[in-house]
Amino acid sequence: GKAACTYSTDQENYLFAAATIIKTPVSELSNRLNTLILERRAMEKELSELQKKIALGGNISSDKKVEDLNGIKFVGKVLNGIPAKELRSLADEAKMRIGSGVISFITVNDGKVAILTAVTEDLIKSVSAVDLARVGSIAVGGKGGGGRTDFAQAGGTLPDKIEESFESIKKLIN
C-alpha cells in the first residue's frame, strides 16, 4: 500500500540524488560508479608506489643513514605516513640496495607503531629479525613480535619511543 509507495519514492529520490552528485544520467549510474571505483583503485596504487619511492628516496647504499655496527650495515628509518602493509616491499628493496645488513623500518599510523626488521640471508645465522623486532617492540610498548629469521614484524603503542626502539635494535646487533 501506501508504505510501499513511500519506500519506492524515497529510493527513487536517493537514486536521482546520487546521479546528480556524480553528474551522470540515472541510466548510466552503475557504469559511472564502477568506472570511478576502478579509477580510485588505480590512483591508490599509484600513490602507494610514489610513497615508497619517497620513503626510500635516493641510494640507500650510499645514504648517510647506513650505520656500521661491528661490520654489519644497519639502516633504520622512520617512514611517516607509510601503511604497515607496505613496509615489507620497502625492506626487500632496501636489502637489495645494501647487499648485506639489517633493515629496520618503523611507521606510525593512528597512534600505533609498526616495526619491521629484515636481515639479509648472509647474516641470519648470527642475527635474527625476530629477536630484533621483539626488542624494538618492547621499547615502544609492545609485547614482542614474530616472523622468520630474515623478516619479522612487531608493534607498539608508544610512538614517542621510536628512537629508543632503534637504540634497542642496534644494541642487540652490537
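Up top you'll find the structure we're talking about.
Criteria and thresholds
- Sequence order as written defines residue numbering, which begins from 1 separately in each chain.
- The predicted origin of the model limits local features to residues at a pLDDT of at least 70 and limits the giving and counting of side-chain atom pairs to 80 or more, whereas totals for whole chains, interfaces and linings rest on all residues.
- Processing note: side-chain calculations cover all non-hydrogen atoms of the structure and skip hydrogens and water entirely.
- Pairing of aromatic rings covers Phe, Tyr and Trp, the last counted by its six-membered ring, and requires centre-to-centre distances within 6.5 Å; plane angles under 30 degrees mean stacked, over 60 mean edge-to-face, and any other angle means tilted.
- To sit over a ring, a charge needs its Lys NZ or Arg CZ within 6 Å of the ring centre and within 35 degrees of the ring normal.
- At least two DSSP bridges between two strands are required for those strands to pair.
- For the purposes of this entry, the term helix denotes a DSSP run of H or I that reaches at least four residues, the term strand denotes a run of E that reaches at least two, and both are numbered from the N terminus.
- Only C-alpha atoms enter the line fits that serve as axes; for helices the fit covers just the stretch in contact. Angles between N-to-C directions range over 0 to 180 degrees.
- The contact criterion used throughout is that any non-hydrogen atoms of two residues lie within 4.5 Å.

Undergrad: Give a detailed account of the packing of aromatic side chains, specifying residues and quantitative values.
TA: Throughout the structure, instances matching the rule amount to 0 aromatic pairs. In this arrangement the basic side chain of Arg 88 is found over the ring face of Phe 151, its NZ or CZ atom lying 4.1 Å from the centre.

Undergrad: Give me the lowdown on the sheet that holds strand β6 (residues 151–156), citing residues and values where you can.
TA: Strand order in this open sheet of 6 strands is β1-β2-β3-β4-β6-β5, and the pairing throughout is mixed. A single partner strand is all that each edge strand has here, and the edge strands are β1 (66–69) and β5 (145–148). Across the sheet, the axes of successive neighbouring strands diverge by a mean angle of 20°, strand direction being ignored. In terms of strand pairing, strand β4 (residues 112–119) meets β6 through 6 bridges, oriented antiparallel. Note that in β6 the partner of Ala 114 across the bridge is Gly 155. Strands β2 (72–78), β3 (102–109), β4, β5 and β6 of the sheet are contacted by helix α3 (residues 87–98), whose axis makes an angle of about 150° with β3. Across the sheet, helix α5 (residues 162–173) lies against β1, β2, β3 and β4, angled at about 170° from β2, the strand it touches most.

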